[in-house]
There are 2 protein chains.
Amino acid sequence: MDATDPLYAQVAAHYRQAITAGTMPPGSRMPSVRTLMGLHRVSLSTALQACRLLESQGLLQARQRAGYFVRPPRPTRLARAAEPRQTQADPARFVGVHERISEILTRGIAARPEVNLSGACAHPSLYPTRALALHGQRLLRRRPEILGTQPDPQGLLGLRQALSRLALNAQIQLDPSQLVITHGCTEALSVALRAVTRPGDAVAVESPTYYGLLQLLESLGLRALEIPTSPHTGLSVEALEAAAAQEPRLKAVVVVPNLQNPLGAVMPDAAKQALLASCEARDLALIEDDTYALLCDTPQRAIKSWDTTGRVIFCSSLHKTLAPGMRVGWIAAGRWQPRVEILKYAQSRPNEMLGQAILAEFLAGGQIERHLRALRAKLATQREQMAEALSDELPTGTRLSMPPGGPSLWVELPEGLSSLALFDAALEKGVRLGPGLMYSNSDRFDNFIRINAGNPMDEAQRRAIATLGALCASMLRR
Amino acid sequence: MDATDPLYAQVAAHYRQAITAGTMPPGSRMPSVRTLMGLHRVSLSTALQACRLLESQGLLQARQRAGYFVRPPRPTRLARAAEPRQTQADPARFVGVHERISEILTRGIAARPEVNLSGACAHPSLYPTRALALHGQRLLRRRPEILGTQPDPQGLLGLRQALSRLALNAQIQLDPSQLVITHGCTEALSVALRAVTRPGDAVAVESPTYYGLLQLLESLGLRALEIPTSPHTGLSVEALEAAAAQEPRLKAVVVVPNLQNPLGAVMPDAAKQALLASCEARDLALIEDDTYALLCDTPQRAIKSWDTTGRVIFCSSLHKTLAPGMRVGWIAAGRWQPRVEILKYAQSRPNEMLGQAILAEFLAGGQIERHLRALRAKLATQREQMAEALSDELPTGTRLSMPPGGPSLWVELPEGLSSLALFDAALEKGVRLGPGLMYSNSDRFDNFIRINAGNPMDEAQRRAIATLGALCASMLRR
Ligand SMILES: Cc1ncc(COP(=O)(O)O)c(C=O)c1O
Ligand SMILES: Cc1ncc(COP(=O)(O)O)c(C=O)c1O
């Protein structure tokens, strides 16, 4: 919690922590608004706002005339996600996973499913597109010449300044000259990897991991070394250490420490520091993918915030947090900054001005924090609704842990169910999901699926989940 | 000349050809407007428009009451550009030219020169930025959700359709499914090279060549094989053949057949076909960079237009022709299309919607041809004015051939003058130019400079050229 947050958010954060930690168990009474006013020396409206925020986050429920109570977790028949069975890294692999991934993606798109449960992003209506569009209209009216002039090599200074300020949330201190604007986090990862590896090298990644990263590694001729990763605490630093000792061409680790995709794991601060220390000791580049961090229910530190030697290459994006229709990401590459600037320039030249200027104006307006709070709250509710639907419909033996933020749910189906078969059968019925096979070079996750809770729950989605349940049941009977 | 061009343009083209070919020598009288009306069965206003177009292109001059005459070439003391002295390719090189280039670029930008004669683009005022901005405003007003939704993998269909139509000008037949939208021609070249090479391979390029291509090759770990290139007829296919026989790891040729940068050369159709045949025979990928083609004074065929086997990877951009402030290019990769789609997707994901939608609407409006005609005419005048200033100011022994289109002039200074020394001295005086050293891994072009004629001629530029002249003179005296 940040002292610059509005008072009501600070008060809410205090109780959120108590609730999450179990200090205030489900069913217990929240101090009355009057009590809150006295305890925190805040106004009536501030105290009320704090309670409403916690309510919108699904932590409190109001009972007629009796005040607010800590809400019991929705009943779910689903067991907590299991820790990874394997404790060792896979040998570094390069198995042509790209074909599998792009085949699944192409089929998923071509089928034009009625309900899309794949993807890892919120619904467009949850982003301030209208406000962004107004900034765009004004810019184009006042400064049409930005469509005719070439942008700064590193990106628009005003945007870099705003992003440095945003990075303070993750406790990172950067000055704008240390950033380069990129075409999304994807391009940031692409130049980061090119800066620190040569084809044939190995790169450690979480397992399961974001399929786009596997595609990128393959397209660069790199081998992925998959490290066991907990659905709760993220990458196993121990397993990484053991694997690194075996792989002389290991050059870098790519990690999503906050809201890992697909697991939703958040690494504890101690693990983040241990990972950094391990990379220092072994002279590995640490590429930190920050894509989802701002969607954490409670703010989390970035690994970059502990970096004193320029070893962490921080890659981020506004894709999931602010504008899924824009391609604006950024990179702060520490000791590799000069090389990264060269590679970005050679690979695609600077991003165009228009999008950067729109985002710079929006961020300067200071509405981002309010937007993010609303987005987090909506995602929390949607995750819970989706988990409820899953627990109502999927067969016994299904496992799921609720991630502390973000749009994705990572669901383990009972042993023997193939997510690829389920993908096919569901697509036939107009439902698209993310089969576990996409997230690893191995077949280890074939009984997992990733479900997007980014869209507001509606009847169509409920029916789609029921369809999945019926398909699973019939596949188990066979 | 295209039968779909307006009548007056067809009439003008007829006489342009006659003038260029020498059938109508300088000083000869243009048929009177009345004669034109009869000869071509056109209206008075069409005949007049045709004459005015030729006048704006610097081919005719009006004499009071006497009608139009073929204009004598402006007196220039400059000799025609020399053919390359070397006839053999350089051995494939990888000499870290990037540092030299980026050092020159960085110094050039940091000096904030009063007059910038480097760059290879027209002035923003010569592009329809206001019309583009109006399309943008309307789009953002009517469809703000495009800032929140993710674009098509290959790029916006409407834009790909418009670009296929535009490609008809270069006599290329493509359907929209064969295109991928990229972040400029730079990214198109980047994925093209990645599709057909592995690090350590050699790629044949023109010598001199666009420095961005050298940077790209170096950043991909590729070796540049520099092929002698004529300032008039472009790449020497003979020299390429000889070099290819010596270089087993040669995988591709990158060529700018129409308005080569920096030479301004246009390859004759026979040379284009010979190059394609040679690439077929040797199984080389032919990467065609189309960046400036639409700026040719008379339309030219693309090599891609003869490609029947999918061997040509066609890379283009709207940067120089329509919107220098936007990052929209495209690639049609023939037999490598699936791989190129994968690489573009993995490297940076699809371009964002907004810019694509703006350009699609503009192109659908059909104003592009009129814009291009005006842009070509203005560039022709500016090139001539710039050449005149250069011939007035630069020392005897300076050589220059006027390119048949585009913004750039490639100037050979008298032997012994170093363009790098001139670059330094000129920067001191607030003038930036492109020193020849940037365009090759060799030092062969150190007595060349590239001068941008993209900006309307003004006093500041005239003074800047005079400054260059004075500096050259004093350097020669030493
Ligand atoms: C972990 C992770 N990194 C990066 C990306 C891509 O980000 P961008 O769209 O900014 O390129 C995604 C998108 O799904 C992701 O999940
Ligand atoms: C020959 C050539 N190719 C490509 C480019 C870059 O094009 P874009 O800006 O579309 O990436 C340039 C720009 O100077 C160029 O001269």
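Residues numbered from 1 in each chain as written. Chains lettered and ligands numbered in written order. Predicted model: local features only at pLDDT ≥ 70, side-chain atom pairs only at ≥ 80, totals over all residues. Heavy atoms only, no water.

Looking at an unreviewed UniProt entry, one finds chain A named 2-aminoadipate aminotransferase and attributed to Roseateles chitinivorans. Looking at chain A in UniProt, the text filed under Sequence similarities (unreviewed entry) is "In the C-terminal section; belongs to the class-I pyridoxal-phosphate-dependent aminotransferase family." (UniProt positions renumbered as here; feature names shortened; annotations may be inferred.)

Student: Looking at this structure, I do not really get the sheet that holds strand β14 (residues 434-435) of chain B. What am I missing?
Tutor: Whenever strands of a sheet pair, they do so through backbone hydrogen bonds, lying parallel or antiparallel. Residues and elements named next belong to chain B. Read from one edge of the open sheet, three strands run β12-β15-β14, paired in antiparallel fashion. Edge positions in the sheet fall to β12 (408-412) and β14, since each of these pairs with one other strand and no more. Here five bridges tie β12 to strand β15 (residues 448-452), and the two strands are oriented antiparallel to one another. Each bridged residue has a counterpart across the sheet, and for E412 the counterpart in β15 is F448. (Pairing = 2+ DSSP bridges. Helix = DSSP H or I, 4+ residues; strand = E, 2+ residues; numbered from the N terminus.)

Student: Explain the sheet that holds strand β12 (residues 408-412) of chain A to me, please; I cannot follow it from the model alone.
Tutor: Taken together, three strands build an open sheet; the order of strands is β12-β15-β14 (chain A) and the sheet is antiparallel. The strands lining the two open edges of the sheet, one partner per strand, are β12 and β14 (434-435) of chain A.

Student: What's the story with the interface of chain A and chain B in this structure? I'm lost.
Tutor: Size of an interface, as often reported, equals the accessible area lost when the parts are brought together. The interface is formed by 54 residues belonging to chain A together with 54 residues belonging to chain B. Where chain A abuts chain B, roughly 4,400 Å² becomes buried across the two surfaces, and 61% of that area is made up of carbon and sulfur atoms. Contact with chain B buries surface across chain A, with L147, R349 and E352 of chain A losing the most and accounting together for 14% of the total. Seen at the junction of chain A and chain B, the total is zero salt bridges. Inspection of the chain A/chain B interface yields 13 residue pairs in polar contact (both at pLDDT 80 or more). Within the residue set of the side of chain A that touches chain B, elements represented by two or more residues are α4 (97-110), α5 (129-142), α7 (184-196), α8 (211-219), α11 (337-348) and α12 (353-364) of chain A. Ranked by residue count, the leading element in the side of chain A that touches chain B is α5 of chain A, at eight residues. (Contact = heavy atoms within 4.5 Å. Buried area = accessible area lost by both parts, 1.4 Å probe. Salt bridge = Lys/Arg side-chain N within 4 Å of Asp/Glu carboxyl O. Polar contact = N/O pair within 3.5 Å; in protein donor to acceptor, adjacent residues only side chain to side chain.)

Student: Got a minute to help me understand the site of ligand 2 in this structure?
Tutor: All names here are of chain B. Every residue close to ligand 2 is listed here: G184, C185, T186, Y210, N261, D289, T291, Y292, S317, H319, K320 and R327. Side-chain polar atom of T186 to an oxygen atom of ligand 2: 2.5 Å apart, as the coordinates give it. Here an oxygen atom of ligand 2 sits 2.2 Å away from a polar atom, N or O, in the side chain of H319. Burial of ligand 2 by the protein amounts to 96% of the accessible area it has alone, namely 400 Å². In terms of residues, the shell around ligand 2 owes the most to one element, helix α7 (residues 184-196), which gives three residues. (Near = heavy atom within 4 Å. Areas by Shrake-Rupley, 256 points an atom, 1.4 Å probe, with all protein chains shown as cover.)

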